[in-house]
Amino acid sequence: MSELEPAVRLAGVSHHFAEQRVLHDVELVLARGTTLALLGHNGAGKSTLMKMILGLISPAQGQVEVLGQRLQCGERPTSIGYLPENINFYDKLTGHEVLSYFAALKGERSTRVSQLIEEFGLGYAQHKPVKSYSKGMKQRLGFAQAIIAQPKLLLLDEPTVGLDPQASQFLYSKVNQLRDQGCAVIICTHELNLVEPHLDVAMMLGRGRCLAFGSLAQLLAQSELGVQITFNAIESVVSKHAPLAEFYHQGDLRCSISQRAWLIQYLTRECGIFDFDIKNPCLADIYNEKMTQMQSCNEQGLSFTSSISYSSNWSLNNVTP
Ligand SMILES: Nc1ncnc2c1ncn2[C@@H]1O[C@H](COP(=O)(O)OP(=O)(O)OP(=O)(O)O)[C@@H](O)[C@H]1O
């Protein structure tokens, strides 16, 4: 297995359950050391895609390659960590026993268990049965279990559900640490604000199709959403500088991403305005735009797939701020 191989390669992956098609021709190349946010509405096909990467489901069509291994029917890839949605353990076991079990299963030493218990702040409850754990404690235990064997690919299904804000920040700091060590991470989540600062690329699925893929900068560039610029006494500045009139809309200046640099330069150089607020569209705005476009295409009986560019050698160098 070469370290240069991408962590995940999906080629033309489609799937159906009985008559229902749940994935349509999905393509993905995910480099190592990259965090992918897998987004989509309920029933979009995210968990099905995760299960395919785990080797739990074989696609009806297409190929799945994980860490350089092309998965054949029923084959499970190795070096993967997985945190399922709504994780449940045998609840008469203590937290320490649960982690010891997974450590033994994966050939890890008992010192790794103590290290994770300490790191995840579960020391005070390690000898209590899991049935006495809160949702957040179970989630932390589940995350510790997923990374116990230092995986090269980590899949997290709704990892922050039930976590308090500090625990979510801690989880993402661990994700970033693993990513920096070369682990590829796939996070399936509806908590877009939480994942936004930590993703390298996002894939948006809608009714089993990939609606958008790319870094935040690439998604923004593909989007038709505007940038909003606000400052004091805006009306009087606009009235004195005619080129601003076309951008003025209900008390703000609105422009496209591509016009943003020009407009800022104009405000500073020509108008002497240096104190302004810029609101760029966030991940949730882009997500809502894609979902709305998909719904309106469906209502009109059209098929919606945005222009998606995939890079076969996608790396962190491709991320522009
Ligand atoms: N084992 C199964 N048998 C039949 N249908 C299934 C099965 N698993 C999933 N589906 C269907 O496939 C579609 C996609 O489900 P999936 O769980 O992948 O969606 P999801 O994007 O993860 O949704 P959510 O955000 O609600 O978790 C849904 O319509 C679901 O009902």
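Residues numbered from 1 in each chain as written. Predicted model: local features only at pLDDT ≥ 70, side-chain atom pairs only at ≥ 80, totals over all residues.

1. Some details on the site of the ligand
What counts here: Whether a residue is near a molecule or strand depends on its C-beta atom, placed from the backbone, lying within 6 Å of it. Counting from the N terminus, the helices are DSSP H or I runs at least four residues long and the strands are E runs at least two residues long. Basically, the charged four are Asp, Glu, Lys and Arg, the nonpolar ten are Ala, Val, Leu, Ile, Met, Phe, Trp, Tyr, Cys and Pro, and anything else, Gly included, counts as polar.
If you check the shell around the ligand, you find F17, V22, G40, N42, G43, A44, G45, K46, S47 and T48 and nothing else. Among the elements that take part in the shell around the ligand, helix α1 (residues 46-53) stands out by supplying 3 residues, more than any other. Here the residues of the shell around the ligand sort into 3 nonpolar, 6 polar and 1 charged.

2. As for the environment of A245
Summarising the element assignment, A245 is placed in the loop between α8 (234-240) and β12 (248-249). Counting along the chain gives 10 residues from A245 to E235, while the straight-line C-alpha distance between them is 9.5 Å.

3. Looking at the sheet that holds strand β5 (residues 69-70)
Working definition: the strands of a sheet are paired by backbone hydrogen bonds and lie parallel or antiparallel to each other. Put simply, the rule is: By this definition, two strands are paired if DSSP reports at least two bridges between them. We call two residues in contact when their backbone-placed C-beta atoms lie within 7 Å. In this description, a line fitted to the C-alpha atoms serves as the axis of each element, helices being fitted only across the stretch in contact, and the angle between N-to-C directions of two axes falls anywhere from 0 to 180 degrees.
Ordered by their spatial adjacency, 4 strands build an open sheet running β2-β1-β4-β5, and the pairing between neighbours is antiparallel. At either end of the open sheet lies a strand with only one pairing partner, and these are β2 (20-30) and β5. Pairing of strand β1 (residues 8-17) with β2, which is carried by 7 bridges, proceeds in the antiparallel orientation. Paired with V13 across the two strands is V26, which belongs to β2. Contacting β1, β2 and β4 (61-66), α1 runs over the sheet at an angle of about 60° to β2.

4. What about the pairing of strand β3 (residues 35-40)?
We count it as follows: Any residue surrounded by 20 or more other C-beta atoms within 10 Å of its C-beta is treated as buried, while 12 or fewer makes it exposed and the intermediate range makes it partly exposed; C-beta atoms here are placed from the backbone.
The element β3 is extensively covered by neighbouring structure, given that 6 of its 6 residues are classed as buried. Alternating residues of β3 divide into T35, A37 and L39 and L36, L38 and G40, and every residue in both groups is buried. Relative to strand β8 (residues 184-188), β3 runs parallel, the two being bridged by 4 bridges. Each bridged residue has a counterpart across the sheet, and for L38 the counterpart in β8 is C188. By the bridge criterion, 5 bridges tie β3 to strand β9 (residues 201-206) in an arrangement that is parallel. Its bridge partner lying in β9, L38 is registered against M203.

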